[in-house]
Structures are given as C-alpha cells and as structure tokens.
Amino acid sequence: MQQGGLMKTTSLNITGKLPLGLVELYQIVHSHAVALNIPYLVVGATARDVILHHGFGAAIERGTKDIDFGIQVQSWGQFEQLKAKLLDSGFKPHETKAHQLVTTVPSGEEWEIDIIPFGTISDDNQTIAWPPKHDIEMTVTGFKEAFENALNVTITDNPLLEIKVASPAGMLLLKLISWLERAPGIRGKDAMDIYYLTQHYSKIPEIADSLYADGFMDAQEYDEHKASTMKLASDACMIAETETLSFINGQLFGDDAKLDNLALDVSRSVRVNYSEAQELLTLVNRQFDNC
C-alpha cells in the first residue's frame, strides 16, 4: 500500500477559544522562556485539547487542569532560572515535585504546570536525573521529535502569541513512552489519550483526505477508526528517530505482557472491548515494526 506523507498543516489559529486566564498563563510562561532564550513546546493532555478539540472540533472526553511544557535547555541552571522567574511571577512550587508549579487563574481555577527539560541536558540514553541527588530519573525520549514536528498555534491575536504544540504524531510517541514510565495505578490517563488520538485523528481534514487517497481506508475495509489509527502510527513512525523506535519496540511491542496490560488499560479507561483495544494496538505495532 502506498502511504501518504506527514500532514502538511504546520500552523493553527485558535484565537478566542481558550479561557482568558489560560491565555494569560501561557503569556507569562512564554515571556520568561523567550527572555531566557529557552525554546519550549506544549505536550500532554493540553496539547491534545489545543490541537484536536479547539483546532478541529473533537469532543473533550477527559478534562485537564495541567499544562505540560517541554523546555529545550543545555543545563540545569537554565531550568532553575526559568523556574525562579515563574515563582517570582506568582507561581507556587509543588511540595515534592521539582518540575511542577501551581497557579490560580483569574476565574479562580487552580492549574498545575509541569516543566520537563530535554535536549543536551539528557544523557546518551535520553534520560535526565533530577538534582541535587540525581537519584530520580526520567526518560525524555521522543521530546526531540515532538519539538521538531510541532505545530505553531496562535492562541491570541492581540497581543500576538504563537506557541509550539506537539502534533498528534508526536503526542502518540510521548504517550506510549509515558505509559511505559508511569506506575500502573496512574497510567490509565495515558491509555485513554492513546485511544483518543486514534479516534479523533481523522477530524483533521487533510488526514481524512489521506485515509482515502493513500489507501488507509481500503486497507482497513473502510473502518475509519482503524484507518485513522494506521495513519497516525504511520505518521509517528515517520518522525521517530531510530533510538525512539528501538525503545518503544523493545520496551512495549516486544513485551507481550506489557502490550496486554496496555490493551487492558485502554479497554478499562474508555470502556471498550478488550478485543477492540488489542486490535488497534496491533495496528500501531505493525506500523512501528515496518518503519
């Protein structure tokens, strides 16, 4: 089957669709990151909502009060500088998580922001170790690809603010890895988001067109969800670096027990049959195997 290329959409305008207080939150983070010359992108569930819900009309099925930022830094000093600026701007530190801050927007809602450093700060295995003891490790595998293939999203025209947000293909890579890294009790959200991405990828018009033009619908006997899953996995493969593919294939798709657990998490989190969850993950697995 001839497979189409990556989505050509590289920018999006969702002006007026975010609550005012949330726009102000982004403005604060953006201003400090730019002043410190720290490139960043939005990842996680907020990226999911910005692109698929606000950008293309997919329903929100899991709300969030978290915003996850990946920041491309060269040292822990840069991370600490940004964190200090945000604390000076009224953010409060989390009691135990060095990368998490809390703020209250004008509407009275409390939002948490996570700031995850990646880039040359990580080791050869794309792992960061949190100071001061460096005893807590976290993988940042996939962040580089998500950053390089992010969408530029305008969230307000006056004043103009454009932010980088992970594409659905980048999100899939990060969500698969996040599920692998989290403890069993809290990884259900990642499983739910993986399903959501497969379910709603075709809301993007050019993706819907590609399902037909590039043979995905034909390959999946005109089942749109399966075709969308196949296309999403194909696009994720096209942006993934060799090390990232090796990590996901080795840690997840090469481990029958973990793959079974992910299928169980998907079926329980979104209340679909186990067989449906397993079938969708098999489609992703095949695309990753054939990258």
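Residues numbered from 1 in each chain as written. Predicted model: local features only at pLDDT ≥ 70, side-chain atom pairs only at ≥ 80, totals over all residues. Heavy atoms only, no water.

1. A few points about the state of the cysteines
Then, number 1: Following the criterion strictly, the structure yields 1 disulfide and no others.
Then, number 2: A disulfide bridge connects C237 with C291, and the sulfur atoms are separated by 2.2 Å. Here C237 is found in helix α9 (residues 224-239), whereas its partner C291 is found in the segment after α12 (274-289), with 54 residues between them in sequence.
Then, number 3: Here C237 falls in the buried class, since its relative accessible area comes to 10%.
Then, number 4: A relative accessible area of 48% places C291 in the partly exposed class. (Disulfide = S-S within 2.5 Å. Helix = DSSP H or I, 4+ residues; strand = E, 2+ residues; numbered from the N terminus. Buried < 20%, exposed > 50% of the residue type's maximum accessible area, 1.4 Å probe, protein only.)

2. Quick notes on helix α7 (residues 205-213)
Then, number 1: The set of residues buried in α7 consists of I207, S210 and L211. One side of α7 holds all its buried residues, which, seen down the axis, span an arc of 105°. Residues of α7 that are exposed and point over 90 degrees away from its buried face: D209, Y212 and A213.
Then, number 2: Residues of α7 that are buried make contact with α8 (216-219) and α9.
Then, number 3: Backbone geometry just after α7 places G215 at a positive phi near 85°. (Arc of directions from axis to C-beta. Contact = heavy atoms within 4.5 Å.)

3. Side note on the side chain of K226
Then, number 1: Inspection of the secondary structure assignment puts K226 in helix α9.
Then, number 2: Within the structure, K226 has its side chain in polar contact with the side chain of E279 (distance 2.8 Å).
Then, number 3: The residues touching K226, leaving out its near neighbours within four places in the chain, are Q220, E279, L280 and L283. (Polar contact = N/O pair within 3.5 Å; in protein donor to acceptor, adjacent residues only side chain to side chain.)

4. Examining the environment of Q72
Then, number 1: Along the chain, the position of Q72 falls in strand β3 (residues 66-72).
Then, number 2: Apart from residues no more than four positions distant in its own chain, Q72 is found in contact with I38, P39, F118 and F147.

5. A closer look at the pattern of salt bridges
Then, number 1: In the structure shown here, the tally under the stated rule is 11 salt bridges.
Then, number 2: Put simply, R182 and D190 hold a salt bridge, and the shortest N to O gap is 2.5 Å.
Then, number 3: Residue classification places R182 among the partly exposed residues on the basis of a relative accessible area of 34%.
Then, number 4: Put simply, R48, D49, K175, R182, D190 and D193 are held in one network by salt bridges that share partners. (Salt bridge = Lys/Arg side-chain N within 4 Å of Asp/Glu carboxyl O.)

6. Re unusual backbone geometry
Then, number 1: Here P131 and P132 are connected by a cis peptide whose omega angle stands at 5°.
Then, number 2: In this fold, P132 is placed in the loop between β7 (127-130) and β8 (136-139).
Then, number 3: Of note, the bond from N158 into P159 is cis; its omega dihedral lies within 30 degrees of zero at 0°.
Then, number 4: The backbone of N37 sits at a positive phi, close to 60°, despite the residue not being glycine.
Then, number 5: Relative to the assigned elements, N37 resides in the loop between α1 (20-35) and β2 (40-43).
Then, number 6: Notably, Q126 is not glycine yet its phi reads approximately 60°, a positive angle.
Then, number 7: Looking at where Q126 falls in the secondary structure, it is placed in the loop between β6 (110-118) and β7.
Then, number 8: Note on Q126: relative accessible area 30%, which makes it partly exposed.

Coordinates in, geometry out; function isn't part of it.
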